Amino acid sequence: MSAVSDPMELGAPWGPARPEPSPTRFHRVHGANIRVDPSGTRATRVESFAHGVCFSREPLAPGQIFLVEIEEKELGWCGHLRLGLTALDPASLAPVPEFSLPDLVSLGHTWVFAITRHHNRVPREGRPAAEAAVPSRPPALLVEPYLCIEQFRIPRDRLVGRSRPGLYSHLLDQLYELNVLPPTARRSRLGVLFCPRPDGTADMHIVINGEDMGPSARGLPAAQPLYAVVDVFASTKSVRLVQLEYGLPSLQTLCRLVIQRSVVHRLAIDGLHLPKGLKDFCKYE
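Residues numbered from 1 in each chain as written. Predicted model: local features only at pLDDT ≥ 70, side-chain atom pairs only at ≥ 80, totals over all residues. Heavy atoms only, no water.

Per an unreviewed UniProt entry, the protein goes by Neuralized-like protein 2 and derives from Myotis brandtii. The record held by UniProt for the protein lists under Pathway (unreviewed entry) the comment "Protein modification; protein ubiquitination." (UniProt positions renumbered as here; feature names shortened; annotations may be inferred.)

Listed below in structure tokens is the structure:
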């Protein structure tokens, strides 16, 4: 039986024997046009369309997703966010290349894909390419709370973005959940992670709005530190990091799930007798 069809067979990647990874942050080294906020969680390209390459502050752990949400777009440019992994130490890059594609990739040990309406997939051994190219619809959060990627379980709770509350927000949220909206739209959430294989290599996976796109690259050196690469390119102007809870969900998260199940749509949350901070957490996150 495959791991995806039976999540109970998956080994829990986080637990007492393996501490939960630290919160993700952007590296102090980045493209010349990038400004990172003091928290290290938001990266904005302040001019032009290039010099927007960013990295994770620390190498990723196996199965740890580096998840960003598109916060701002800029009209007038062609092209969108680029995402991937590198075995190069960002601190050794002086200067940071202007583009992730092809400049950074040409340095070697780097795997980056442009995020488009199309899915970047590599067929598994023995499977036709056509089968690998057909994405499957993710189940609803309350039906299956984990996204299963090879031997790892990723909490679905924050993998899908949410529109700002408004007259049609409940319709937009359904489109995000079904991954119907373009992955380059505002509020889309895009992530990258790697999964080690028995032969000592790793597969890189890209996750778009809660859907695993399948292996985007194979043969990565699993024994080397692998940093996330985010190129805030062209029409993508600003992204922010989204943190996941890999172990047991927090009380705040559990409260949010109960509240969300109890209302028709998010506009009704304003009428509840709850602290404003919890209301905003339920509406936006």
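Undergrad: Sorry, what's going on with the overall build of the protein here?
TA: The helix and strand inventory of the protein stands at five helices and 13 strands. Evaluated residue by residue, the protein yields a buried proportion of 48% over its 285 residues. Here the analysis covers contacts within the protein between residues at least 6 apart in sequence; of these, 70% occur between residues at least 24 apart. (Helix = DSSP H or I, 4+ residues; strand = E, 2+ residues; numbered from the N terminus. Buried < 20%, exposed > 50% of the residue type's maximum accessible area, 1.4 Å probe, protein only. Contact = heavy atoms within 4.5 Å.)

Undergrad: Got a minute to help me understand the pattern of salt bridges in this structure?
TA: One side chain can pair with another of opposite charge once the charged atoms of both are near each other. All told, the structure shown has nine salt bridges when counted by the stated rule. When the shortest N-O distance is used, the salt bridge between Glu69 and Arg189 registers 2.6 Å. You can see Glu69 sitting in strand β4 (residues 66–73) and its partner Arg189 sitting in strand β9 (residues 189–196), a full 120 residues away along the chain. Glu71 is the salt-bridge partner of Arg240, the closest N and O atoms lying 3.2 Å from each other. Of this pair, Arg240 sits in strand β13 (residues 236–242) while Glu71 is found in strand β4, placing the two residues 169 residues apart along the sequence. Glu71 sits in the buried class, given a relative accessible area of 11%. If you follow the salt bridges from partner to partner, you end up with Arg42, Glu69, Glu71, Glu72, Arg187, Arg189 and Arg240 in one network. (Salt bridge = Lys/Arg side-chain N within 4 Å of Asp/Glu carboxyl O.)

Undergrad: Would you mind going over the packing of aromatic side chains with me for this structure?
TA: Any aromatic ring pair is given by two values, namely how distant the centres are and how the planes are angled relative to each other. A full pass over the atoms with the stated rule returns five aromatic pairs. Judged by centre distance (5.9 Å) and plane angle (80°), the ring pair of Phe26 and Phe66 falls under edge-to-face. On the criterion of sequence distance, the pair formed by Phe26 in the segment before β1 (34–36) and Phe66 in strand β4 is long-range, its members being 40 residues apart. A single burial state applies to Phe26 and to Phe66, both of which are buried. Site record: aromatic cluster; members linked through ring pairs are Phe49, Trp77, Phe99 and Phe233. (Phe/Tyr/Trp six-rings, centres within 6.5 Å; stacked < 30°, edge-to-face > 60°.)

Undergrad: Quick question: what am I supposed to make of the sheet that holds strand β3 (residues 53–55) here?
TA: In a beta sheet, neighbouring strands pair by backbone hydrogen bonds and run either parallel or antiparallel. What the four strands build is an open sheet, ordered β3-β12-β5-β6; its pairing is antiparallel. Since the sheet does not close on itself, it has two edges, and those belong to β3 and β6 (110–114), each with one partner. Strand-to-strand twist in this sheet, taken as the mean axis angle between neighbours without regard to direction, amounts to 20°. Pairing geometry for β3 and strand β12 (residues 227–231), over three bridges, is antiparallel. Note that in β12 the partner of Phe55 across the bridge is Val229. (Pairing = 2+ DSSP bridges. Axes fitted to C-alpha atoms, helices over the stretch in contact; angles between N-to-C directions.)

Undergrad: Help me understand the sheet that holds β9 in this model?
TA: The strand order across the open sheet formed by seven strands is β1-β2-β13-β4-β9-β10-β11, and the pairing between neighbours is antiparallel. Pairing within the sheet leaves two strands with one partner each, and these edge strands are β1 and β11 (211–221). Each neighbouring strand pair of the sheet contributes to a mean axis angle of 20°, computed without reference to strand direction. Where β4 lies against β9, four bridges are found, and the strand directions are antiparallel. Its bridge partner being in β9, Phe66 is matched across the sheet by Val192.

Undergrad: Even after reading the chapter, I still don't get unusual backbone geometry, so can you show me in this structure?
TA: Between Ala94 and Pro95 the backbone carries a cis peptide bond, its omega angle lying at -5°. As for its placement among the helices and strands, Pro95 is situated in the loop between β5 (82–86) and α1 (100–106). Across the junction of Leu101 and Pro102, the peptide omega takes the value 5°, indicating a cis bond. Considering the arrangement of structural elements, one finds Pro102 in helix α1. The phi dihedral of His109 is positive, around 55°, even though this residue is not glycine. Phi angles above zero are rare outside glycine, and Ala234 is one such case at about 55°. Examined against the element boundaries, Ala234 turns out to sit in the loop between β12 and β13. Given a relative accessible area of 0%, Ala234 falls into the buried group.

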